[in-house]
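# Breakdown of the fold
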Amino acid sequence: MKAVAKADLKGSTKKNSQLVLRLDKDERDAFVALCRDLDTSAAREIRKFIRAFMAENAGT
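The following paragraphs examine the structure supplied in this document. (Residues numbered from 1 in each chain as written. Predicted model: local features only at pLDDT ≥ 70, side-chain atom pairs only at ≥ 80, totals over all residues. Heavy atoms only, no water.)

### Concerning the overall build of the protein
Along its length, the protein carries three helices and zero strands. Traced from its N-terminal end to its C-terminal end, the protein shows the element sequence α-α-α. Across the 60 residues of the protein, 5% fall into the buried class. In the form shown here, the protein has an accessible surface area of approximately 6100 Å², with 56% of it arising from carbon and sulfur atoms. (Helix = DSSP H or I, 4+ residues; strand = E, 2+ residues; numbered from the N terminus. Buried < 20%, exposed > 50% of the residue type's maximum accessible area, 1.4 Å probe, protein only. Areas by Shrake-Rupley, 256 points an atom, 1.4 Å probe, with all protein chains shown as cover.)

### Remarks on the side chain of threonine 40
Tracing the backbone through its elements, the reader meets threonine 40 in the loop between helix H2 (25–37) and helix H3 (42–56). Not counting residues within four places of it along the chain, the set of residues in contact with threonine 40 comprises Cys35 and Glu45. (Contact = heavy atoms within 4.5 Å.)

### A word on the packing of H2 against H3
Here H2 crosses H3 at 95°, and the two axes come no closer than 9 Å. On the basis of the axis angle, H2 is roughly perpendicular to H3. Counted together, Phe31, Val32 and Cys35 of H2 and Ala42, Glu45 and Ile46 of H3 form the full contact between these two elements. Of the residues that constitute the contact of H2 with H3, the class distribution is five nonpolar, no polar and one charged. (Axes fitted to C-alpha atoms, helices over the stretch in contact; angles between N-to-C directions. Parallel < 35°, antiparallel > 145°, perpendicular 65-115°, else oblique. Nonpolar A, V, L, I, M, F, W, Y, C, P; charged D, E, K, R; others polar.)

### Section: the pattern of salt bridges
Taken as a whole and judged by the stated rule, the model has three salt bridges. Put simply, lysine 25 and aspartate 29 hold a salt bridge, and the shortest N to O gap is 2.6 Å. Taken together, the residues span about one helical turn, with lysine 25 and aspartate 29 both in helix H2 at a distance of four residues. By relative accessible area, which is 28% here, aspartate 29 ends up partly exposed. Close ionic contact of arginine 28 with aspartate 29 constitutes a salt bridge, the shortest N to O distance being 3.2 Å. Arginine 28 gets classed as partly exposed once you look at its relative accessible area, which sits at 42%. One network of salt bridges, in which partners are shared, links Lys25, Arg28 and Asp29. (Salt bridge = Lys/Arg side-chain N within 4 Å of Asp/Glu carboxyl O.)

Structure below.
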């Protein structure tokens with residue numbers, strides 16, 4: 001039986017890239033706190049923004 005790598009078990013939805021942003025600390029902390037209050041994560045909301053931005057601007 002062939003051994004399956006742990007990463008292979010997660011499927012193709014595994015994220016494999018990072019985007020580094022420089023933000024004002026107070027702005028970042030307020031954003032993270034708001035996300036927490038809304039029961040979401042900062043990363044999830046940034047990914048959602050990127051997808052919406054790309055969809056709105058596709059083909060321009």
